[in-house]
Amino acid sequence: MDHVLVTGGAGYVGSHACKALAKAGFVPVTFDNLTTGWAEAVKFGPLVQGDLMDRREIDAAFAQYKPVAVLHFAALSLVGDSMKDPAHYWRVNVGGALNLAEAAVAAGCKKFIFSSTCATYGDQDGVVLDENTVQKPINAYGASKRAIEDILANFEAAFGLEHVIFRYFNVAGADPEGELGEQHRPETHLIPLMLDAVAGRRPALTLFGTDYPTPDGTCVRDYIHVTDLVDAHVLGLRWLLDGKGSRSFNLGTGKGFSVKEVIEQARLVTNREVPMNVGDRRPGDAAALVSGSQRAETELGWEPKHSSMGQMIRDAWAWGQKPEYKG
Ligand code: UDP
């Protein structure tokens, strides 16, 4: 069976990806420093505890497992934090990706899947965000991811590193089979914070701004179920292994939900009110980020099957009731 190296395989998206890869017949080798990931989420292949800032540790993983491809999930991913400490975001995200790309090329592993983000597009009022939209990030997180996209293009030109870039919209939900879910330390994401507030595990949710130029004044995002998102990665891996070459794909549903609409859905799913109050805008937040692309569907044959808001909240709510959940 072919091995694939999965950086960040102990994290939220990475662990779900490992499950999908194992189901598809690959051995996912998780490379993770466990600063934000969870060793117990690594259930589908070996765990290498290592740091992307240490090139020797990456080289050792390539030498031991000889992966046919790399899926690079490991990153700092919080918009708010990135605005407070941009240097840290540039150092870890860009430095880590650069080490990984160099190690992959040195090991002769030239298939690379990269988790990028809709935050690379920035705030583009009224513009349909497809893969050809000019990328103008407005926060350091998005800027660091955009820089890595450029690195991959340069590495392709210089060394033939073929890469698939996935620009994620807002990932949500949990494994519908209940084996995995979202848990961040600290948690900053809307849906888990909201459900924790409903469950009484956290104080009321604060709405970050109600004066955005959107229909109800709260930010609009395009939410995508984590299981659908990782299924696209398996298709992206096959795409690369079939020699189809480098390509970028948005991963979203094309449907936007405002923060208030998400809260209303949570009320319907849980049959409880969401305790909340209104706060200031969070620096770095775009008013609206909604994918306007069908490329993943038409070219990869991808089909989001679980991404109704109801199912995303139901699966996240079910995960939050499990004893393993450490929210
Ligand atoms: N949000 C909020 N309160 C919170 C957390 C998030 O109002 O406690 C809003 C946030 O401003 C954004 C949306 O919810 O508009 C989604 O934020 P999240 O952090 O989940 O994902 P991001 O869009 O930053 O990737």
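In case you missed it, the structure is sitting above this.
How each quantity is defined
Along each chain, the written sequence defines residue order, and numbers are assigned to residues from 1. Residue-level local features of this predicted model are given only where pLDDT is at least 70; pairs of side-chain atoms are given and counted only at 80 or more, and the full residue set underlies all totals for whole chains, interfaces and linings. Note that water and hydrogens are dropped before the side-chain values are worked out from all heavy atoms of the structure. Residues are called lining when one of their atoms sits within 4 Å of a cavity or pocket point, these points coming from a 1 Å grid over the protein atoms alone, where a cavity is a set in which a 1.4 Å probe fits but cannot get out and a pocket is an open set with protein on both sides within 12 Å along at least five of seven lines. Grid points are joined across faces, edges and corners, and a volume is the space filled by probe spheres set on the points. A run of H or I in DSSP counts as a helix once it spans at least four residues, and a run of E counts as a strand once it spans at least two, with each numbered from the N terminus. Residue type decides the class: Asp, Glu, Lys and Arg count as charged, Ala, Val, Leu, Ile, Met, Phe, Trp, Tyr, Cys and Pro as nonpolar, and the leftover types, Gly among them, as polar. If a single non-hydrogen atom of a residue is within 4 Å of a molecule or strand, that residue counts as near it. Under this definition, polar contacts are N or O atom pairs within 3.5 Å; protein pairs additionally need one hydrogen-donor-capable and one acceptor-capable atom, and for neighbouring residues in sequence, both atoms have to be side-chain atoms. With axes taken as lines fitted to C-alpha atoms, and helix axes fitted only over the stretch in contact, angles between N-to-C directions fall between 0 and 180 degrees. An angle below 35 degrees is treated as roughly parallel, one above 145 as roughly antiparallel, one from 65 to 115 as roughly perpendicular, and anything else as oblique. Handedness of a crossing follows from how the near helix is turned relative to the far one, being left-handed for an anticlockwise turn of less than a right angle and right-handed for a clockwise one. Should any heavy atoms of two residues lie within 4.5 Å, those residues are considered in contact.

In this structure, what is going on with empty space enclosed by the protein? I would like to understand it.
Unoccupied space between atoms shows up once a probe the size of one water molecule is rolled over them. Counted under the stated rule, the structure contains one cavity of 30 Å³ or more. For the largest cavity, the calculated volume is near 90 Å³. Taken together, Glu182, Ile191, Pro192, Leu195, Asp196, Arg201, Ala316, Trp317, Trp319, Gly320 and Tyr325 make up the full set of residues lining the largest cavity. Looking at the lining of the largest cavity, the elements that each hand over two or more residues are helix 6 (190-199) and helix 10 (309-320). Grouping the amino acids of the lining of the largest cavity by side-chain chemistry returns seven nonpolar, one polar and three charged.

Just to check I follow, could you spell out the site of the ligand for this structure?
As a structural note, the neighbourhood of the ligand is formed by 16 residues, with Leu190, Thr206, Phe208, Arg282 and Asp285 the closest of them. The contact in question runs from an oxygen atom of the ligand to an N or O atom on the backbone of Leu190, over 2.8 Å. Within the backbone of Thr206, an N or O atom sits 2.7 Å from a nitrogen atom of the ligand. Considering every element that reaches the shell around the ligand, the biggest residue donor is strand 8 (residues 205-208), with four residues. Along the lines of polarity and charge, the residues of the shell around the ligand split into nine nonpolar, four polar and three charged.

Help me understand the packing of helix 8 (residues 259-270) against helix 10, please; the structure alone is not making it clear to me.
Between two packed helices, the angle of one axis relative to the other and the distance separating the axes together describe the packing. Orientation of helix 8 relative to helix 10, taken along the N-to-C sense of each, is 60°, at an axis distance of 9 Å. Regarding the angle of helix 8 to helix 10, the classification is oblique. Relative to helix 10, helix 8 is oriented so that their crossing is right-handed. Across the interface between the two elements, Val262, Gln265, Ala266, Val269 and Thr270 of helix 8 pack against Met309, Gly310, Ile313, Arg314 and Trp317 of helix 10. Looking at the contact of helix 8 with helix 10 residue by residue, the class counts come to six nonpolar, three polar and one charged.

Scope: geometric values only; no functional claims are made or implied.
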